[in-house]
Each structure stands twice: as C-alpha cells, then as structure tokens.
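Letter by letter, the chains look like this.
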Amino acid sequence: AAKGDGRGVHRFYAEAMLEGARSRKRMEEDLRVAVAQGQLRLVYQPIVSTRDAMVVGYEALLRWDHPVQGNMPPSQFIPIAEDCGLIEQIGEWVMRTACTEAAGWPQAARVAVNVSSIQFAKPHLPALVAQALAQSGLAPSRLELEITESVFLNQDQESHRQFAALKSLGIRLALDDFGTGYSSLGYLRHAPFDKIKIDQSFVRGAIGTDSRNAAIIRAIVTMADTLGMETTAEGVEIQDEIELIRNLGCSHIQGFVYGKPMEAADVAQSMSEHGGRAEPVGLKSHRRPR
Ligand code: C2E
Ligand code: MG
Ligand code: MG
Ligand code: MG
C-alpha cells in the first residue's frame, strides 16, 4: 500500500507540474499577443526629495491588461518574459515609450526605467538607449536606468564595459531593491551608480519598537554618502515615516505615501496642479493597539 501511495503522490505532482507548465505556456502565448496588440502600458510613481518635498522624477512601471484575467502584476509576467526571451522586445517598448512620454511632460522631471538583467547583458543596450533618447528628444540627464543586484551574478569584463558605455551616454544609473539579492558589496567599488534604492523590506516597519531596520537604513545611507550616491527609500506608506526616513539621511522617498503609480495622462495634470510639490496622501500613522 505504501508503494501505491507513493505512486499516487508522484502522479499528483507530475500532473501539477504539467498543469503549471501548460498555464505558463498559455501565459507566454498571451504575452506575445499582448506585445503585438498593444495591451501593455506604463504607469508612473513619483520620487520625492526629502529636502524640500519636490517631485524629482517618476518611476515607469509596466502594466498588462490581460483580456481575460484582467490586470496582471509584473511580478507574475516579467519572470516569464525573461524565460521565453520576450523581455527584450518588451524592454525595448518600455524604453521608447517612457522616453517619449517623459519628453512630453511640462516639467523636466526625470524618468526611471527598470532594466532586466537579461537586457543588461545584451551588447546593444547602449545603442538602444541612445536611439530612444535621440528619437524622443529627452535629455540624457533626465533618464535613469534601474538595475538590480542580479546583474552582478556573472560579473566580468563585459559588465564593466556595459556600465561605462551606459554612463558615457550621460544617463543616470540606480541600483534597485538594494539589500535583497547578492551578498557581496565589492561590486559597488566599480559600478558607477548615482543612486541606491533601499528595498521596501527594510523601510516597512522602520518605525516602532524594532530599531534594526533603521540601523540598516542608516548604514546603507552612510555608505552611499561616502560613495557619492543618492538614496531612495522604497515603499514608504505612512506619513509619520517621512520624518523618520529624512532623519535617517535618505535623499529621496518613493511610496504610496506620496501616491500610487498613476496613468501616463495624469502625470502632466499632476505637475501643473501642484507645481512639482508632493502632497502626502497615505495613512497618517500606524494604528497602535490601545
Ligand atoms: P520595483 O522596480 O522595485 O518597483 C517598485 C514596486 O513597488 C512597484 O510594484 C510599486 O508599485 C511598488 N510600490 C511602490 N510604493 C509602494 C508602497 O508604498 N507600498 C507597496 N506595498 N508597494 C509599493 P509593481 O509595479 O508591481 O512592480 C513590481 C516589480 O516588477 C518592479 O519592482 C520591477 O522589478 C518589475 N517591473 C515593473 N515594471 C518593469 C519594467 O518595465 N521592466 C522590468 N524589467 N521590470 C519591471
Ligand atoms: Mg524599480
Ligand atoms: Mg525597487
Ligand atoms: Mg521591487
């Protein structure tokens, strides 16, 4: 009977894996159609200076309105796009669209574009960026590429060349989700980042009784300052955290407290309404038990 059970369990997993592979395959096909039929769009989330509460730029974030399943989060479809090779085409569309939309804004705010480590490894990335800048007319200093630590997994001569080629375009580079990935800090010596984005997992709950997150943020900021890099605290949701993050020395804040990602059409509107000043909209403070 034990043997029979084992087979049953085995068959269960085999079917589950097959089902997983099928839905993945289906998603892959849907994604190809999405790219071809223009189901992708970008939304923009403000990045705010802690010094004067001015919006310095916006991060472009990809959205996919799946015709049947509705809004599909990038955390679900980006990994599939990376596996099946579609990320190159999608990344190119994102780069061109973000540059074109930002070039049309009434104020010269920056635009931050996420770049997959697979795109980063392609030798023609600098040429693609140069072309997107030229065709849109966006000043290079207004474009920031966000790259995660996973680009350092195969650190070699090529990646150094790639960083140099991108920097020579006059654009900015940001290290995204810092603190969650690769454990060695040695790469920071050679990579020409203008900014470190401190991952949400350290920012959330930085307030309150647990001071360990605050200590980690402070250490990252100290290191970044010394290396001449700015710091953005990601995922700030609570108004009380703004002051705390500023006191920890972060130069920028991004999070629901200053707004969720907004439709492209609303960015220009928001700029002219507030004159570039950010208004906190999130929860005032954490609810505490009485
Ligand atoms: P990311 O680059 O770290 O982007 C920040 C994510 O945090 C976004 O999620 C944003 O909506 C979310 N966020 C911002 N503030 C808050 C907050 O206060 N609270 C909470 N709970 N979340 C907040 P989103 O848009 O779902 O994107 C997830 C990830 O997908 C991104 O993380 C990025 O890694 C990837 N991604 C998004 N767009 C692109 C793209 O165009 N290309 C590539 N390669 N990856 C992308
Ligand atoms: Mg990002
Ligand atoms: Mg991030
Ligand atoms: Mg993230």
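Residues numbered from 1 in each chain as written. Chains lettered and ligands numbered in written order. Predicted model: local features only at pLDDT ≥ 70, side-chain atom pairs only at ≥ 80, totals over all residues. Heavy atoms only, no water.

As named in an unreviewed UniProt entry, the chain is EAL domain-containing protein, taken from Sphingomonas zeae.

A.B. asks: I tried to follow the packing of aromatic side chains on my own but got confused; where do I start?
C.D. replies: Applying the stated criterion to the full structure yields 5 aromatic pairs. Seen in terms of ring centroids, F163 and F193 are 5.5 Å apart; in terms of plane orientation they differ by 75 degrees. Their pairing is edge-to-face. Pair noted here: F163 is in helix α6 (residues 157–167) and F193 is in the loop between β6 (172–178) and β7 (195–198), with a separation of 30 residues, a long-range link. For F163, a relative accessible area of 2% translates into the label buried. Since its relative accessible area comes to 5%, F193 is described here as buried. (Phe/Tyr/Trp six-rings, centres within 6.5 Å; stacked < 30°, edge-to-face > 60°. Helix = DSSP H or I, 4+ residues; strand = E, 2+ residues; numbered from the N terminus. Buried < 20%, exposed > 50% of the residue type's maximum accessible area, 1.4 Å probe, protein only.)

A.B. asks: Even after reading the chapter, I still don't get the site of ligand 1, so can you show me in this structure?
C.D. replies: Around ligand 1, a shell composed of 22 residues is seen, among which R63, D176, Q200, E237 and F256 lie nearest. Within the backbone of F256, a nitrogen or oxygen atom sits 2.8 Å from an oxygen atom of ligand 1. Contact with the protein chains hides 82% of the accessible area of ligand 1, taken as 800 Å² for the molecule alone. Of all the secondary structure elements, the ones that give two or more residues to the shell around ligand 1 are β2 (55–66), α2 (74–84) and β6. Looking at which element gives the most residues to the shell around ligand 1, the answer is β2, with 4 residues. (Near = heavy atom within 4 Å. Polar contact = N/O pair within 3.5 Å; in protein donor to acceptor, adjacent residues only side chain to side chain. Areas by Shrake-Rupley, 256 points an atom, 1.4 Å probe, with all protein chains shown as cover.)

A.B. asks: Which parts of the structure should I look at to understand the coordination of the magnesium ion (ligand 3)?
C.D. replies: Around a metal, the idealised angle for a tetrahedral arrangement of four donor atoms is 109.5 degrees; for an octahedral arrangement of six donor atoms it is 90 or 180 degrees. Donor atoms from the polypeptide that coordinate the magnesium ion (ligand 3) comprise D176 (OD), D177 (OD), E234 (OE) and E234 (OE), at 2.0 to 2.7 Å from the metal. A separation of 3.9 Å is found between the magnesium ion (ligand 3) and the magnesium ion (ligand 2), both of which receive a donor from D176. For D177, a relative accessible area of 25% translates into the label partly exposed. (Donors = N, O, S within 2.8 Å, 3.2 Å for Na, K, Ca; no water.)

A.B. asks: Where do I start with α2 in this structure?
C.D. replies: For an α-helix, the turn length of 3.6 residues means that residues three or four places apart are oriented alike. Three or more residues of α2 are buried, namely F77, I80 and A81. Taken around the axis of α2, the buried residues stretch over an arc of 105 degrees, which confines them to a single face. In α2, those exposed residues whose orientation departs by more than 90 degrees from the buried face are S75 and D83. (Arc of directions from axis to C-beta.)

A.B. asks: Is there a simple way to explain the packing of helix α3 (residues 87–103) against helix α5 (residues 125–136) in this structure?
C.D. replies: What describes two packed helices is the angle between their axes and the distance between those same axes. Put simply, α3 and α5 touch, their axes get as near as 9 Å, and they point 30 degrees apart. On the basis of the axis angle, α3 is roughly parallel to α5. Every pair of crossing elements has a handedness; the one defined by α3 and α5 is right-handed. Residues E92, M95, R96, C99, T100 and A103 of α3 lie in contact with α5, whose contacting residues are L128, V129, Q131, A132, L133, Q135 and S136. When its residues are assigned to classes, the contact of α3 with α5 shows 7 nonpolar, 4 polar and 2 charged. (Axes fitted to C-alpha atoms, helices over the stretch in contact; angles between N-to-C directions. Parallel < 35°, antiparallel > 145°, perpendicular 65-115°, else oblique. Left-handed = near helix turned anticlockwise from the far one by under 90°. Contact = heavy atoms within 4.5 Å. Nonpolar A, V, L, I, M, F, W, Y, C, P; charged D, E, K, R; others polar.)

A.B. asks: Explain the side chain of S136 here, please?
C.D. replies: Mapped onto the fold, S136 is located in helix α5. Here L133 takes part through its backbone oxygen, which lies 3.2 Å from a polar atom of the side chain of S136. Beyond its immediate stretch of four places on either side in the chain, S136 contacts C99, T100 and A103.

A.B. asks: What's the story with the pairing of strand β4 (residues 110–114) in this structure? I'm lost.
C.D. replies: Walk down a regular strand and you will see the side chains alternate between the two sheet faces. The sheet contact formed by β2 and β4 spans 4 bridges and is parallel. Looking across to β4, one finds that Y58 is bridged to V111. As paired elements, β4 and strand β5 (residues 143–148) share 4 bridges and run parallel to each other. Bridge pairing in β5 places V113 opposite L145. (Pairing = 2+ DSSP bridges.)

A.B. asks: I keep staring at the environment of Y258 and nothing clicks. Help me out?
C.D. replies: The residue Y258 is located in the loop between β9 (252–254) and β10 (262–263) in this model. Y258 gets classed as buried once you look at its relative accessible area, which sits at 11%. Taking the C-alpha atoms as reference points, Y258 and P46, separated by 212 residues in sequence, lie 6.9 Å from one another. Not counting chain neighbours up to four residues away, the residues in contact with Y258 comprise P46, V48, I242, I253, A278, E279, P280 and V281.

A.B. asks: Looking at this structure, how should I read the side chain of D194?
C.D. replies: In this fold, D194 is placed in the loop between β6 and β7. Polar contacts involving the side chain of D194 include one to the side chain of K167, which spans 2.9 Å. In contact with D194, other than residues within four places in its own chain, are K167, I171, R172, L173, M229 and E230.

A.B. asks: Mind showing me how you'd approach the pairing of strand β1 (residues 40–49) here?
C.D. replies: Counting buried positions over the 10 residues of β1 gives 9, a clear majority of the element. Bridge count for β1 against β2 is 9 bridges, and the pairing is antiparallel. Its bridge partner lying in β2, I47 is registered against G57. Between the end of β1 and the start of β2, which pair antiparallel, lie 5 residues, with A53 showing a positive phi angle near 60 degrees. Here β1 pairs with β10 via 2 bridges, running antiparallel. Paired with Y44 across the two strands is M262, which belongs to β10. Direction of pairing for β1 relative to β9: antiparallel, over a ladder of 2 bridges.

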